[in-house]
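# Chain and residue survey
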Amino acid sequence: MSKAEAGEAQPTRYRIVVAEDAYLVREGIRQVLAQEDEVEVAEFCSDLSSLLQAVDRHEPDVVVTDIRMPPSNTDEGIRAAATLRESRPEMGVVVISQYVSPHYAIKLFEDGSARRAYLLKEHVGHRNHLMGAIREVASGGSVVDPAVVEVLVESRTRAKNSPLAHLTPREREVLAGVAEGKSNAAIAKSLFLTKRAVEKNINSIFAKLDLADDTDVSRRVVASLLFLAETGTPFQGATSS
Amino acid sequence: MTSRTPVPEDPVTVLDDPTALDDHVASDDVPWTMSARELRADREVGSQLRPLRLAARRPTRSESAVAVAAVAAAAGAAALALAGGIAASPDGFAFMLALYVLVCVVAGLAWRRARPWSPYGLALVAYGLAASLYALGTTTQPLLHSLGVLLEIPGAFFVFWLVLSFPSARLDSAGRAVIALAGAVLLVGCVPAIFLLDTLSPTQPLARCGARCPANPLQLVDNESLARTFGHVDAVGHVIVYGLILTLLAVRFARASRPRRRLLGPVYLFAALLFVAMGVYQAGVNLFGASAGADSPGGFALTAATILFPFGFIAAIVFAYAYVGAALASMVREIGVSSSVTGVERVVRQVLDDPKAQLAFWVPRSRRYVDRHGRGVVLDEEETSTWRSVARDDGEPTLAIVHDAALDEDPELMDAVGAETMLALENRRLQQDLLDSIGALRASRKRLVAVAAAERRKIERDLHDSAQQMLIAIRIQLELARGEVGPSSKLERQLNRIAADLDRALDELRSVAHGIYPPLLAEEGLAAALTEAARRASVPVELELEDVGRLPEEIETAVYFCCLEALQNAAKHGGPDVAVTMRLWWEPHLLRFSVSDDGVGFVPGQTQEPTGLTNMLDRLGAIGGRISIRSAPGRGTDVDGAVTVSP
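Sequence order sets the numbering: in each chain, residues are counted from 1 along the sequence as written. Both sets of labels track the order of writing: A upward for chains, 1 upward for ligands. In keeping with the predicted nature of the model, local features appear solely for residues at pLDDT of at least 70, side-chain atom pairs appear and are counted solely at 80 or more, and the whole-chain, interface and lining totals rest on all residues.

## Notes on the overall build of chain B
In terms of regular secondary structure, chain B is built from 18 helices and nine strands. In this scheme every C-beta is placed from the backbone, and a residue whose C-beta has 20 or more other C-beta atoms within 10 Å is buried, one with 12 or fewer is exposed, and one in between is partly exposed. Per-residue burial for chain B yields a buried fraction of 41% across its 647 residues. Remark: residues whose backbone-derived C-beta atoms lie within 7 Å of one another are considered to be in contact. Considering only residue pairs separated by 6 or more positions, chain B has 70% of its internal contacts joining residues 24 or more positions apart. Per the convention used, a helix needs a DSSP run of H or I reaching at least four residues, while a strand needs a run of E reaching at least two, with both numbered from the N terminus.

## As for the packing of helix α1 (residues 23-34) of chain A against helix α13 (residues 411-484) of chain B
With axes taken as lines fitted to C-alpha atoms, and helix axes fitted only over the stretch in contact, angles between N-to-C directions fall between 0 and 180 degrees. Remark: α1 of chain A packs on α13 of chain B, axes separated minimally by 8 Å, with the N-to-C direction vectors making an angle of 20 degrees. What the angle tells us is that α1 of chain A and α13 of chain B run roughly parallel. For α1 of chain A against α13 of chain B, the interelement crossing comes out left-handed. Facing α1 of chain A, whose interface residues are Leu24, Val25, Gly28, Gln31 and Val32 of chain A, α13 of chain B presents Gln469, Met470, Ile472, Ala473, Ile476, Gln477 and Leu480 of chain B. Tallied by class, the residues present in the contact of α1 of chain A with α13 of chain B amount to eight nonpolar, four polar and no charged. Orientation labels follow simple angle bins: below 35 degrees gives roughly parallel, above 145 gives roughly antiparallel, 65 to 115 gives roughly perpendicular, and whatever is left gives oblique. Crossings are classed by handedness, with left-handed meaning an anticlockwise turn of the near helix from the far one by less than a right angle and right-handed meaning a clockwise turn. When residues are grouped by polarity, Ala, Val, Leu, Ile, Met, Phe, Trp, Tyr, Cys and Pro land in nonpolar, Asp, Glu, Lys and Arg in charged, and all others, Gly among them, in polar.

## Topic: the confidence of the model for chain B
Should the pLDDT be low somewhere, the predicted coordinates at that spot are not to be read in detail. Residue and element names in this part refer to chain B. Residue-level confidence of the predictor is summarised by pLDDT, bounded by 0 at the bottom and 100 at the top. Overall, the predicted model of chain B reaches an average pLDDT of 80, with 88% of residues at or above 70. Highest mean pLDDT in chain B belongs to strand β7 (residues 590-597) (93); lowest belongs to helix α1 (residues 18-25) (32). In the predicted structure, residues 1-55 sits below a pLDDT of 50 and forms 100 contacts with residues beyond four places in sequence or in another chain.

## Brief notes about the sheet that holds strand β3 (residues 62-66) of chain A
In any sheet, the strands associate via hydrogen bonds between backbone groups, in a parallel or an antiparallel arrangement. Residue and element names in this part refer to chain A. We call two strands paired when DSSP finds no fewer than two bridges between them. One open sheet accounts for six strands, arranged β2-β1-β3-β4-β5-β6; its pairing is parallel. The outermost strands of the open sheet, each flanked by one partner alone, are β2 (39-45) and β6 (142-144). On average, each strand axis in the sheet is tilted by 20 degrees relative to the strand beside it, whichever way the strands run. Sheet analysis places strand β5 (residues 116-120) next to β6, joined by three bridges and oriented parallel. Residue pairing across strands places Tyr118 opposite Val144, the latter belonging to β6. Relative to β2, α1 is tilted by about 165 degrees, and along the sheet it contacts β1 (14-19), β2 and β3. Docked against the sheet, helix α2 (residues 48-58) engages β1, β2 and β3, running at close to 140 degrees with respect to β2.

## Digging into the environment of Gln350 of chain B
All names here are of chain B. Along the chain, Gln350 falls in helix α12 (residues 341-352). Accessibility expressed as a C-beta count within 10 Å gives 15 for Gln350, which makes it partly exposed. For the pair Gln350 and Ser330, spaced 20 residues apart in sequence, the C-alpha separation works out to 9.2 Å.

## What to know about the interface of chain A and chain B
At the junction of the two partners, chain A supplies 32 residues and chain B supplies 35 residues. At the level of secondary structure, the elements contributing two or more residues to the side of chain A that touches chain B comprise α1, α4 (102-108) and α6 (146-158) of chain A. Taken together, the residues of the side of chain A that touches chain B sort by class into eleven nonpolar, 15 polar and six charged.

## Regarding the packing of α6 of chain A against helix α7 (residues 169-180) of chain A
All names here are of chain A. Running from amino to carboxyl end, α6 crosses α7 at an angle of 130 degrees, the nearest separation of the two axes being 9 Å. With respect to α7, the element α6 is oriented oblique. Here α6 runs over α7; the crossing is right-handed. Facing α6, whose interface residues are Pro146, Val149, Glu150 and Val153, α7 presents Arg172, Ala176, Ala179 and Glu180. Looking at the contact of α6 with α7 residue by residue, the class counts come to five nonpolar, no polar and three charged.

## Overview of the nonpolar core
For this analysis, nonpolar core means a set of buried Ala, Val, Leu, Ile, Met, Phe, Trp, Tyr and Cys residues linked through C-beta atoms within 7 Å. Among the nonpolar cores identified, the biggest contains 115 residues, and Ala77, Leu97, Val101, Ala360 and Val417 of chain B are the most heavily contacted of them. If near-sequence neighbours (up to four positions away) are discounted, Val417 of chain B is found in contact with Ala327, Met331, Val348, Val351, Leu352 and Ile401 of chain B. Formed by 73 residues, the second largest nonpolar core is a distinct cluster that contains Tyr118, Ala176, Ala188 and Phe227 of chain A.

## Some thoughts on the sheet that holds strand β5 (residues 541-545) of chain B
Residue and element names in this part refer to chain B. Taken in spatial order, the five strands of this open sheet run β5-β6-β7-β9-β8, and their pairing is mixed. Of all the strands in the sheet, just β5 and β8 (626-631) have a single pairing partner and so form its edges. On average, each strand axis in the sheet is inclined to that of its neighbour by 10 degrees, with strand direction left out of account. Alignment of β7 against strand β9 (residues 637-644), held across eight bridges, turns out to be antiparallel. Bridging from a neighbouring strand, Leu591 pairs with Val643 of β9. Set on the sheet, helix α16 (residues 526-536) makes contact with β5 and β6 (580-587); between it and β5 the angle comes to about 175 degrees. Along the sheet, helix α17 (residues 553-573) makes contact with β5, β6, β7, β8 and β9, crossing β7 at roughly 10 degrees.

As structure tokens, this is what we get:
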């Protein structure tokens with residue numbers, strides 16, 4: 001039931017480069033993507049430098065990269081995304097991660113959320129997840145794994161005097177959808193709502209949270225993510241108090 | 001606004017700032033324990049530490065015997081002088097002579113008690129007892145009278161020797177020359193006069209007999225003018241001898257080191273008084289016809305100076321004791337505030353009044369003394385310095401004081417200073433040992449904590465890189481398999497259940513790995529890791545985190561786990577509605593953090609304190625930080641920490 005099948009666009013074959021250092025996971029991804037006619041994997045790499053070389057060689061539409069790879073095994077995937085933002089602004093990047101920490105997702109979106117997706121690795125097997133993310137980033141959108149958004153919503157709801165306390169449960173679900181990078185239509189579909197109901201919810205949420213609504217979905221993602229990620233009051237430094 | 005909590009002042013537990021200790025240890029002085037170099041002292045002279053023999057001690061039998069003899073001699077002399085009746089003032093002379101005898105003997109006894117090795121004690125006792133024979137000079141029996149008068153000759157020479165050989169009991173060449181000159185004066189002036197004079201009279205104004213003197217049995221030729229001429233020669237010779245002695249004393253005193261002056265001073269002063277009075281009196285009487293009476297100024301001065309002379313020796317000892325007392329007092333005071341070997345050495349120099357004094361430390365392994373720089377100790381060629389070792393009770397030497405040789409004459413001072421120095425240095429060594437072991441303990445704790453942290457990181461990496469990746473790979477495969485089976489089949493339901501289990505396993509693993517060591521801490525530092533910890537906490541957490549930048553790993557780890565521990569304690573024990581505020585900020589050279597909750601609190605010390613508290617203390621202690629935990633029922637709990645961070 002993808003967009004392509006729905007006939008909204010000609011079936012595009014996305015040229016893809018995958019970077020993942022764990023052999024078993026790499027093989028899993030290979031099998032997942034082998035099922036998809038829409039994608040053509042140009043190369044599988046296992047570290048940052050071979051990924052960047054493969055990008056030079058193949059000029060892919062989308063890069064699917066592990067977050068943590070050699071050489072330093074920290075956040076190579078996010079660094080690759082930042083590098084590619086500079087050199088190839090049109091290229092989509094899906095970062096697959098074992099970290100549910102929102103910190104990494106926010107860091108990925110620091111210099112813009114367009115054409116960026118943050119997925120948890122264990123959800124990669126679900127074909128709709130990975131393929132959905134590839135399609136989103138290829139078409140300029142953003143995706144945040146629902147599990148990551150969930151962490152944010154939960155911690156933000158827990159906080160004292162949380163602005164989320166003013167939201168209805170439905171509005172919270174819609175906000176999560178927004179933060180995940182879903183379009184209004186996608187939110188409507190996942191929550192079994194009409195598109196109009198979603199729009200009404202979103203207007204209400206953004207008014208309650210004092211956020212500027214943005215019809216651009218990816219900018220909306222960043223705004224809602226940053227809002228959710230806010231922890232406590234900004235610290236007043238020793239010099240100012 | 002943030003309310004600033006002060007640096008913990010009245011904490012439940014305070015772990016001292018280690019830099020304070022380091023400052024203490026790291027002085028620019030070479031620590032006195034540095035004594036391992038293989039150097040050998042050239043000579044081994046000096047003496048062992050003697051027990052301090054200050055005043056109170058029962059008299060020995062010989063001392064009692066001498067005292068009895070002295071009293072008898074003094075009484076006998078007085079009786080003789082009174083009985084003779086020819087002295088200018090029989091009762092005056094009797095009193096003076098008895099006093100003189102007693103003072104000389106007492107000076108000798110005191111000297112002997114203080115310095116048993118010195119010949120002056122015996123010499124003064126012998127001189128005092130012998131001086132009682134001067135009483136013979138006031139008797140009427142001509143031969144005994146003459147003997148009494150002539151005894152003044154050896155008596156004078158003995159006084160010359162006492163003064164000129166002081167304090168070594170050895171005459172130097174100048175001293176010998178003066179005595180030889182005095183001998184010559186005796187031969188050319190005094191001896192001829194003895195055989196020419198009608199009468200012989202004692203020199204002492206109180207003892208003079210004048211016309212009452214018995215005839216001189218030694219007179220060979222009765223030639224008054226010749227006798228007067230020789231008398232003049234004798235008087236001039238004496239004045240020259242006294243002048244030379246006074247000059248010699250002045251020169252010696254001027255050249256003496258300060259410790260030696262302290263010793264020479266009293267003896268030289270009273271001797272100088274005696275010789276001046278003697279010279280003035282003899283010149284006045286024999287050359288210028290001045291009055292020889294005891295009530296004349298010259299006579300009075302001579303009488304007084306004679307009686308005072310032996311007091312010089314008593315004064316030397318009394319001064320030595322007094323100086324020891326003052327020195328010890330100032331030493332105890334000064335050593336209390338000096339923290340280094342150099343400081344102790346400075347105090348020793350000051351107290352001994354010997355600017356060249358030096359400490360030497362015994363190195364048992366090589367059986368030699370070294371100075372505070374670890375060099376062998378070499379005494380100078382001129383023998384102006386010597387050294388005295390200080391041994392412990394078990395006979396093992398500990399240190400030696402190299403000092404001016406004159407201080408050998410000041411044994412009370414040397415013994416007291418030696419004992420005090422040993423005490424100070426032993427204390428300092430114990431303190432040093434304690435600091436060393438505290439330092440070693442802290443270093444080993446730091447190592448343990450560092451090893452534990454490294455181990456945690458390794459386990460976290462292993463979990464992420466192997467177990468988690470494998471589970472993820474299986475999860476992907478499971479999803480692929482799910483796509484292959486028909487919907488609503490029994491197999492699909494089973495696969496769904498497995499998938500749900502696997503997701504839980506992954507969550508669990510992620511949470512365990514994060515608890516073991518949050519990768520964010522290593523990658524992004526304290527603020528990011530604490531933010532993440534706050535997000536994961538089950539209670540609301542307000543964060544006020546200053547961007548403290550990156551810090552040494554051990555500090556980040558310790559502070560992170562401390563905050564986490566406090567956060568978990570608050571969540572676990574703070575009650576259902578607890579909220580936590582976590583702060584992190586900089587003060588100059590100090591990283592500060594606090595975790596405060598508004599929970600139910602506890603009574604410090606009363607309730608079983610959670611093991612978390614111990615962990616926090618251990619972690620912070622290992623990096624030399626301080627932490628205070630304040631709580632009261634209903635008042636919440638405040639955990640406050642501070643870590644010194646060197647720039």
